[in-house]
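Summary of structural features
Here's the letter readout for the chains.
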Amino acid sequence: MHTFSYARPQSLAEAVALLETHGADARVLAGGTDLIVRLRDGSLRPALVVDIKRIAELRPGIRETDGRVVIGATTVMTDVAADPLVLRHFPALAEAAAVVGSVQIRNRATLAGNICNASPAADTAPSLLVHGASVVARGPGGTRRIPVDELFVRSGVTTLTRGELVTSIELPVPKERMASAHERRTRRRGHDLASVTLTCGVDATGVTRIAYGSVGPRAVLVTDETGVLADPAATDEAKAAILEAMLAGASPSPRSMRAGPAYRLAMLRVLARRALATAIDRLAAGE
Ligand SMILES: Cc1cc2nc3c(=O)[nH]c(=O)nc-3n(C[C@H](O)[C@H](O)[C@H](O)COP(=O)(O)OP(=O)(O)OC[C@H]3O[C@@H](n4cnc5c(N)ncnc54)[C@H](O)[C@@H]3O)c2cc1C
C-alpha cells in the first residue's frame, strides 16, 4: 500500500477545511469497506485520508423530524436494516441494507459510503431513489440538499464538489400510503456485488416507481403514473408494455466479469415483476 497521511478531525468545520485544501488528493474514510480495498490494490492513491468517525456532528443515528427520516452519515447497514422507522416507512431500504456483504461488512459499511462510492451496483441506491431520498452535503459554501437522483454521475463519480462531504441522508415520510420491495441477483450468496439490484414502490394512488442498478453506468429511477401496473383489472399485455418501457433504460456492460448483458436483462425483468408483486401485496396488507 502506498504511503498517505491520516487525519481524524473532531469537527465538521475541520473536516471540510482539510477536504477543501487537499481537493482530489484527499479521501473521506467512513467504514472503509470500499476505500481500504482500493488503497490496498492501488486503484486509489490519495495523499490524505480523512477519517470522519470521530466527528460529533456525524454521530450515527436515525431520527424522524419535520416529516423526514434523517440517517446520520456514519450510520452502518446493520442499524439501517433493523431500525423501526426504516422498517415502517421504507421496507425496501431495510431489505437492501440487510443484504450488503456479510455481517462483518454490514457492521462497518455506512449507508452514506455506499452511495458516495457511486458504484452502479450499490444495493441501497435503488431504494433511496424510489423513496425520494436526498443527501445533505456540507462544504466550504455551506449546506445543500442533493436529491440522490442528482448525486450519481457514473461509477465512482458524484456531483459532490471540492471540500464537500455528506452529513446525512433524508427520506420524506410518504404522504400517501406506500409499500416497497427490494430484489437482487448475485453470482452466489454472501459477499458478491449484485448482478442486478432493484426496488419497486407502489403508493395508494397506483403510482409505481422502479429503480434499478448494476445494469448501466448508474442506478436509474423510472415512474409510472397511469396506475395500470397496480390495477388488478388491467390486462397482462397492458402491464407488460408499461414494464418494458420502464426497463428500456438498462444498458449492461458487455465487459463485466459478473454476468453477461443478456442474463442481466432477463433477470431485470424477473426481479421487476417479483418486486412489483410483493409491493402490491404489502400495500393491500397495509404493511
Ligand atoms: C467483501 C465486500 C462485500 C461487499 N458487498 C456489497 C454488497 O453486497 N452490496 C453493496 O452495495 N456493497 C457491497 N460492498 C461495498 C461496500 O461495503 C459498501 O459500498 C459500503 O456501504 C461502503 O461504505 P463505507 O462506510 O465502508 O465507505 P468507505 O469505504 O469508507 O467510503 C466509500 C467511498 O465513499 C466516500 N465517502 C464515504 N463517506 C462519505 C461521506 N460521508 N461524504 C463523502 N464521501 C464519503 C469515500 O471517500 C469513498 O470514496 C462490499 C464490500 C466488500 C469489501
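From a predicted model like this one, the values you see are computed outputs, not experimental measurements.

Neither face of strand E3 (residues 48-51) is left uncovered, since the one carrying Leu-48 and Val-50 and the one carrying Val-49 and Asp-51 both have all their residues buried. As defined by bridge partners, strand E1 (residues 5-7) adjoins E3 across three bridges and the pair is classed as parallel. Each bridged residue has a counterpart across the sheet, and for Ser-5 the counterpart in E3 is Leu-48. Across four bridges, strand E2 (residues 26-29) lies against E3 in parallel orientation. Bridge pairing in E3 places Ala-26 opposite Leu-48. Crossover E2 to E3 through helix H2 (residues 35-41) is right-handed.

Below, the discussion takes up the site of the ligand. Residues in close proximity to the ligand total 31 residues, the closest being Val-28, Thr-33, Asp-34, Thr-110 and Arg-184. Taking Leu-35, its main chain carries an N or O atom lying 2.7 Å from an oxygen atom of the ligand. Here the ligand has 980 Å² of accessible area as a free molecule, and 91% of this is covered by the chains. Of the residues contributing to the shell around the ligand, the split by class is 17 nonpolar, nine polar and five charged.

What follows concerns the sheet that holds E1. Pairing in this open sheet of three strands is parallel, and the strands run E1-E3-E2 from one edge to the other. Unpaired on one side and paired on the other, E1 and E2 mark the two borders of the sheet. For this sheet, the mean angle separating the axes of adjacent strands, direction not counted, is 25°. Docked against the sheet, helix H1 (residues 12-22) engages E1, E2 and E3, running at close to 160° with respect to E3.

Attention now goes to helix H9 (residues 236-247). Taking 1.5 Å per residue, twelve residues should reach 16 Å; H9 reaches 16 Å between its end C-alpha atoms and fits that length. Among the residues of H9, Ile-242, Leu-243, Met-246 and Leu-247 are the ones counted as buried. Along the axis of H9, the buried positions cluster into a sector of 130°, meaning they face one direction only. Among the exposed residues of H9, those oriented more than 90 degrees off its buried face are Glu-237 and Ala-245. Those residues of H9 hidden inside the fold are in contact with strand E13 (208-213), strand E14 (220-224) and helix H10 (261-285).

Rules and cut-offs
- Residues numbered from 1 in each chain as written.
- Predicted model: local features only at pLDDT ≥ 70, side-chain atom pairs only at ≥ 80, totals over all residues.
- Heavy atoms only, no water.
- Buried < 20%, exposed > 50% of the residue type's maximum accessible area, 1.4 Å probe, protein only.
- Helix = DSSP H or I, 4+ residues; strand = E, 2+ residues; numbered from the N terminus.
- Pairing = 2+ DSSP bridges.
- Right-handed = clockwise from strand over helix to strand, strands pointing away.
- Near = heavy atom within 4 Å.
- Polar contact = N/O pair within 3.5 Å; in protein donor to acceptor, adjacent residues only side chain to side chain.
- Areas by Shrake-Rupley, 256 points an atom, 1.4 Å probe, with all protein chains shown as cover.
- Nonpolar A, V, L, I, M, F, W, Y, C, P; charged D, E, K, R; others polar.
- Axes fitted to C-alpha atoms, helices over the stretch in contact; angles between N-to-C directions.
- Contact = heavy atoms within 4.5 Å.
- Expected span 1.5 Å × (residues − 1).
- Arc of directions from axis to C-beta.

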